[in-house]
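# Tertiary structure, described
Chain by chain, the residues run as shown.
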Amino acid sequence: MSRNDTAAVVLTYRDVRKQFGDFVALAGVSMEVHKTEVVCLIGPSGSGKSTLLRCTNGLEIIDGGEILLDGCALPRDPRSMRAVRQRMGMVFQNFELFPHKTALANVASGPLTVMRLPRREAQDRAAALLEKVGLADKAASYPANLSGGQQQRVAIARALAMQPEVMLFDEPTSALDPETIGEVLSVMKALAEEGMTMLVVTHEMTFARRVADHVVVFERGAIIEQGPPKQIFDAPLVGRTREFLSHLGWAG
Amino acid sequence: MRFDWSVVWANAGALAGGTELTVLLAAVTMALAIPGGILLALMRLSGSRLLAGTSAGFTELFRNLPLILVIYAAYYILPITVGVAFSPFATGLIALCLNVSAYNGETFRAGIASIRRGQSEAALALGMSRWQAMREVVLPQAVQRVLPVLASTWVSLFKDTSLVSVIAVGELAYTAMRIRSQTFRVLELLTAMAAIYWALGYPQAKLVDWMNRRFGVSE
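Everything quoted here is computed from the prediction, not taken from an experiment.

The helix and strand tally for chain A stands at 9 helices and 10 strands. For 252 residues, the compact-globule estimate of 2.2 N^0.38 gives 18 Å, and chain A sits close to it at 18 Å. Dimensions of chain A, computed from C-alpha atoms along their principal axes, come out at roughly 55 × 40 × 40 Å. When each of the 252 residues of chain A is scored for burial, the buried share is 56%. If you sum the accessible surface of chain A, you get close to 10600 Å²; carbon and sulfur atoms cover 48% of it. One finds the centroid of the 28 positive side-chain charges in chain A at a distance of 4 Å from the centroid of its 29 negative side-chain charges.

If you want it as structure tokens, here you go:
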């Protein structure tokens, strides 16, 4: 796959800066995410990938620069930020399913509480999404009784229930047993094929290589290289990219 | 020494009435002190300095005063300051609520703090407000998690209701002590009182243990 530069820009980052005390998490990041494309953020731990994702939906507030969603800068006040968050789905490394709710109730919680849909309608939507991620038979199960891969698929369905324009994935497979990683990645791949706009922080290089339209390499809060997966994985322009990939045992 | 248990059976009706009032007092106190405690915890965590300070001041005052003093204070001071004479039952209820709300406030605060931040972040990421995240996601888990602590507070409260006997609330302790002073059968009445408190308290503690096992959160 390769980038379609003519597609509308969904997310724009301009010189985004974020600091935690003395630690510079983002040292001026600029990039774009186009409609229907999958952008993978890769790079060593602590290089700012997750921070960028968390800044995107306002879980962290940026210190400088700006982030635009559909051309509008993210608002500062909590009420408008809430409206913006409803347009982005977020999937966490640790799933963060609500343990006191069934899989179905987890998925229905956004439509019920935030969109105030009638219960019936919210549950129908949730059931359809559980079916989509292959968990129709687990609707009544509590998270504690699901495997990691199943929990993460429920979490994806929960985020999709808000019908977001863009999905943010924060290392969605890092907390999973190897044998359940595949089921989560194939749900994500199917989503990408449907045309969902996705921003994915990942250490799954095979996924990035096969599914991403655009790959962004982070190091120490800055982008050191970005381009189509073919460039990043086969012929990186920057020596540090090659070094990072070889540390992961990537041999092409 | 000779025992005369007939005094207990002869006054069974009065003791039953006292027991009923004890149960009522404990139940109403807890029914008010649970929302009271949640309110105190939410104020404490609200981020508003005024609300947090008010909550902390309330909690530290009533948690660190002997309950019997609060009961006496409510009995003597409340009518003067408010200008309304409350019944002994209502006075005792107010004193117990102040005390138990302070304890519950700390319990709920610890419970809310024990829910990891990712949970409220997940709720916020769905577009929930802070209050919706608290109500839908954090509080239900916090309440389940503190059930054992609430249970032991309840068992203490059930026994501590006996302290309101000092302002002549006709609950179990007061009734038993009144019969004692009329009949001079001290040991018999103390034994009866102990038996009733224990027989009621023990199954409650067990019931809450069971609730905890049944409804406890597992991750």
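Structure shown, so let's carry the discussion forward.
Contacts between the two partners involve 22 residues from chain B, matched on the other side by 26 residues from chain A. With both sides pooled, the region where chain B packs onto chain A buries about 1900 Å², and carbon together with sulfur makes up 58% of that total. Area buried by chain B at its contact with chain A is led by Glu121(B), Ala125(B) and Leu126(B), which between them contribute 30% of it. Our count for the contact surface shared by chain B and chain A stands at 3 salt bridges.

This part takes up the sheet that holds strand S8 (residues 197–201) of chain A. The strands that make up a sheet are held in pairs by hydrogen bonds between backbone atoms, and each pair lies either parallel or antiparallel. Residues and elements named next belong to chain A. Taken together, the 6 strands give an open sheet; going across it, the order is S6-S7-S8-S3-S9-S10, and neighbouring strands pair in mixed fashion. Each edge of the sheet is formed by a strand with only one pairing partner; in this case those strands are strand S6 (88–91) and strand S10 (222–227). Put simply, the sheet's adjacent strands are angled 15 degrees from each other on average, direction ignored.

Quick look at the nonpolar core now. Side chains that are nonpolar tend, in soluble globular proteins, to be buried together. All names here are of chain A. If you look at the biggest cluster of nonpolar residues, it comprises 84 residues, and the most contacted ones within it are Leu-11, Tyr-13, Met-31, Leu-41, Leu-52 and Leu-199. When sequence neighbours within four positions are dropped, the list of residues in contact with Leu-11 reads Met-31, Glu-32, Val-33, Thr-56, Ile-67, Leu-68, Leu-69, Val-166 and Leu-199. Counting residues in hydrophobic clusters, the runner-up holds 50 residues, among them Val-91, Leu-130, Leu-146 and Val-154.

Residue and element names in this part refer to chain A. Spatially, the 4 strands line up as an open sheet ordered S2-S1-S4-S5, and their pairing is antiparallel. Looking at the sheet topology across the chains shown, the edges are occupied by strand S2 (23–34) and strand S5 (72–73). In terms of strand pairing, strand S4 (residues 64–69) meets S5 through 2 bridges, oriented antiparallel. Paired with Leu-69 across the strands is Cys-72, a residue of S5. Here helix H1 (residues 49–56) sits on the sheet and contacts strand S1 (9–20), S2 and S4; the angle it forms with S1, its principal contact strand, is near 115 degrees.

Turning next to unusual backbone geometry. Residues and elements named next belong to chain A. Here Asp-15, not a glycine, exhibits a phi torsion of approximately 50 degrees, which is positive. With respect to the secondary-structure elements, Asp-15 resides in strand S1. A positive phi is found at Glu-96, a non-glycine position, where the angle reads about 55 degrees. Tracing the backbone through its elements, the reader meets Glu-96 in the loop between S6 and helix H3 (103–114). Glu-96 sits in the buried class, given a relative accessible area of 5%.

What follows concerns the side chain of Arg125(A). All names here are of chain A. Within the secondary structure, Arg-125 is located in helix H4 (residues 119–132). Summary of buried charges: Arg-125 has no salt-bridge partner, and the nearest side chain of opposite charge, Glu-121, is 5.1 Å away. If we skip the residues at most four places from it in the chain, Arg-125 touches Pro-111, Met-115, Leu-117, Ala-161 and Gln-163.

Moving on: the packing of helix H2 (residues 12–44) of chain B against helix H7 (residues 130–160) of chain B. All names here are of chain B. Running from N to C, H2 and H7 cross one another at 140 degrees; their axes reach a closest spacing of 10 Å. Handedness of the H2/H7 crossing: right-handed. Together, Thr-22, Val-23, Ala-26, Ala-27, Thr-29, Met-30, Ile-38 and Leu-42 of H2 and Trp-131, Met-134, Leu-139, Leu-150, Thr-153, Trp-154, Leu-157 and Phe-158 of H7 make up the contact between the two elements. When the residues that make up the contact of H2 with H7 are grouped by side-chain class, the tally is 13 nonpolar, 3 polar and no charged.

This next bit is on the side chain of Glu219(A). Among the secondary structure elements, Glu219(A) is positioned in strand S9 (residues 214–219). Apart from the residues lying within four places of it in its own chain, the contact partners of Glu219(A) are Ser47(A), Ile224(A) and Arg240(A).

A few words on the packing of aromatic side chains. The full count for this structure, using the stated rule, is 7 aromatic pairs over all chains. With a centroid separation of 5.6 Å and 15 degrees between ring planes, the pair formed by Phe3(B) and Trp5(B) is classed as stacked. The exposure class of Trp5(B) is partly exposed, given its relative accessible area of 38%. Where Trp198(B) meets Tyr202(B), the ring centres are 4.8 Å apart and the plane angle is 10 degrees; that geometry is what we call stacked. Separated by 4 residues within a single helix, Trp198(B) and Tyr202(B) lie in helix H9 (residues 186–215), roughly one turn from each other. The exposed category is assigned to Trp198(B), whose relative accessible area is 57%. Feature note: the residues Tyr72(B), Tyr75(B) and Tyr76(B) constitute an aromatic cluster, connected by ring pairs. The ring of Phe98(A) is capped by Arg158(A), whose NZ or CZ atom sits 4.4 Å from the centre of that ring.

What counts as what
- Residues numbered from 1 in each chain as written.
- Chains lettered and ligands numbered in written order.
- Predicted model: local features only at pLDDT ≥ 70, side-chain atom pairs only at ≥ 80, totals over all residues.
- Heavy atoms only, no water.
- Helix = DSSP H or I, 4+ residues; strand = E, 2+ residues; numbered from the N terminus.
- Rg over C-alpha atoms; globule rule 2.2 N^0.38 Å.
- Buried < 20%, exposed > 50% of the residue type's maximum accessible area, 1.4 Å probe, protein only.
- Areas by Shrake-Rupley, 256 points an atom, 1.4 Å probe, with all protein chains shown as cover.
- Lys, Arg positive; Asp, Glu negative; His and termini not counted.
- Charge placed at Lys NZ, Arg CZ, Asp CG, Glu CD.
- Contact = heavy atoms within 4.5 Å.
- Buried area = accessible area lost by both parts, 1.4 Å probe.
- Salt bridge = Lys/Arg side-chain N within 4 Å of Asp/Glu carboxyl O.
- Pairing = 2+ DSSP bridges.
- Axes fitted to C-alpha atoms, helices over the stretch in contact; angles between N-to-C directions.
- Core = buried A, V, L, I, M, F, W, Y, C linked by side-chain atoms within 4.5 Å.
- Left-handed = near helix turned anticlockwise from the far one by under 90°.
- Nonpolar A, V, L, I, M, F, W, Y, C, P; charged D, E, K, R; others polar.
- Phe/Tyr/Trp six-rings, centres within 6.5 Å; stacked < 30°, edge-to-face > 60°.
- Lys NZ or Arg CZ within 6 Å of the ring centre and 35° of its normal.

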